[in-house]
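Descriptive structure summary
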Amino acid sequence: MRNRSLVAPHVTAKRVFLAALITSATLGSFALLGAGCGGKKPPKPAEPALIDTSADAGFDAEPEDAGPPAPKSLFERLGGKDGIDKLVESLVQNVTADGKLKKSFSKVKGEKLNNFKTSLSEQICEISGGPCKYQGKDMKSAHESISINDAQWDAFVQDFSAALDENKIEENEKNELMALFAPLRADIVGPKKKK
Ligand code: HEM
């Protein structure tokens, strides 16, 4: 059976919101029509009580019907750039300590490690809708000198998931981010490219 309790409040809220918009618009035009063709004389428009002549005239007013707030982007829900940098730190700790990945990351030190962190952070920022532009190598070129198998991919994904947990990222955000990275698998997993 369909779970009504999950569906109904959202749908109802949406309908009520729409109904409110339609009702006020319709009532507004009816009021204007009434003023034009009714028996009674329309009331004289009221004089403005105060004229705001300041430089920001009109700009301090709250919009009358701003509607519901815009939903937060995944980037914001991950804690912005700071949150993502922390996430990358945790991920790097996890992969470099992981028996299945240690060997592949053994040469990623110093400058190389810093570049890896910067690139990964930029990539997560961009993919989650943040104000970044990934400047690193494309995924094929970045991984073709290493042979990455299915078990290593799975280990990386588990370490990624653990890093998200360590940073208290909720399940929804976790799934959204993982789903965005899933298609990259085709370019990352595969035998080492022969020179
Ligand atoms: C969702 C999965 C993955 C993402 C998003 C990802 C992302 C990245 C990025 C952004 C870089 C830096 C590229 C650059 O130099 O500009 C990189 C490099 C690297 N990745 Fe991945 N990666 C993934 C999976 C893996 C896996 C499964 C391994 C397993 C061994 C791996 C090993 C490496 C290594 C060793 C480097 C450093 C290469 C070098 O500097 O020579 N990555 N990756």
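As the structure is a computational prediction, the values presented were derived from the model and not from experiment.

**A word on the overall build of the protein**
Looking only at helices and strands, one finds nine helices and zero strands in the protein. Across the protein, helices and strands are ordered from the amino to the carboxyl terminus as α-α-α-α-α-α-α-α-α. Within the span of the protein, comprising 195 residues, buried residues form 24% of the whole. Here the contacts in the protein between residues at least 6 apart in sequence split such that 73% fall between residues at least 24 apart. Total accessible area on the protein stands at roughly 14700 Å², and carbon and sulfur atoms take up 59% of it.

**Observations regarding the pattern of salt bridges**
Any two side chains of opposite charge can pair, so long as their charged atoms come close to each other. One pass over the structure, following the stated rule, counts eight salt bridges. The closest approach of N and O atoms between Asp85 and Lys81, which form a salt bridge, is 3.2 Å. Taken together, the positions of Asp85 and Lys81, both in helix H3 (residues 80-97) and four residues apart, correspond to about one turn of that helix. When its relative accessible area of 32% is taken as the criterion, Lys81 is described as partly exposed. The network of salt bridges with common partners includes Arg77, Glu173 and Glu176.

**What about the state of the cysteines?**
Inspection of every chain in the model, using the stated rule, returns one disulfide. Through a disulfide, Cys125 is tied to Cys132; the S-S separation comes to 1.9 Å. Its S-S torsion of about 75° marks the bond between Cys125 and Cys132 as right-handed, since a negative value means left-handed.

**Re the coordination of the iron atom of the ligand**
Of all protein atoms, His143 (NE2) alone acts as a donor to the iron atom of the ligand, lying 2.1 Å away. In this structure, His143 sits in helix H6 (residues 139-143).

**Points about the packing of H3 against helix H7 (residues 150-166)**
H7 packs onto H3 with a crossing angle of 135° between their chain directions and a minimal axis gap of 8 Å. Considering their axes alone, H3 and H7 lie oblique with respect to each other. Crossing of H3 against H7: the hand is right-handed. Along the contact surface, H3 presents Leu87, Ser90, Leu91, Asn94 and Val95, while H7 presents Phe156, Asp159, Phe160, Ala162, Ala163, Leu164 and Glu166.

**Observations regarding the packing of aromatic side chains**
If you walk through the whole model with that rule in mind, you get three aromatic pairs. Centroid distance Phe156 to Phe160: 6.3 Å. Interplanar angle 85°. Geometry classified as edge-to-face. One end of the pair, Phe156, and the other, Phe160, are both in helix H7, four residues apart, so they sit about a helical turn from each other. The exposure class assigned to Phe160 is buried, which follows from its relative accessible area of 5%. An aromatic cluster of three or more residues is present, and its members are Phe156, Phe160 and Phe181.

The rules behind the values
Residues numbered from 1 in each chain as written. Predicted model: local features only at pLDDT ≥ 70, side-chain atom pairs only at ≥ 80, totals over all residues. Heavy atoms only, no water. Helix = DSSP H or I, 4+ residues; strand = E, 2+ residues; numbered from the N terminus. Buried < 20%, exposed > 50% of the residue type's maximum accessible area, 1.4 Å probe, protein only. Contact = heavy atoms within 4.5 Å. Areas by Shrake-Rupley, 256 points an atom, 1.4 Å probe, with all protein chains shown as cover. Salt bridge = Lys/Arg side-chain N within 4 Å of Asp/Glu carboxyl O. Disulfide = S-S within 2.5 Å. Donors = N, O, S within 2.8 Å, 3.2 Å for Na, K, Ca; no water. Axes fitted to C-alpha atoms, helices over the stretch in contact; angles between N-to-C directions. Parallel < 35°, antiparallel > 145°, perpendicular 65-115°, else oblique. Left-handed = near helix turned anticlockwise from the far one by under 90°. Phe/Tyr/Trp six-rings, centres within 6.5 Å; stacked < 30°, edge-to-face > 60°.

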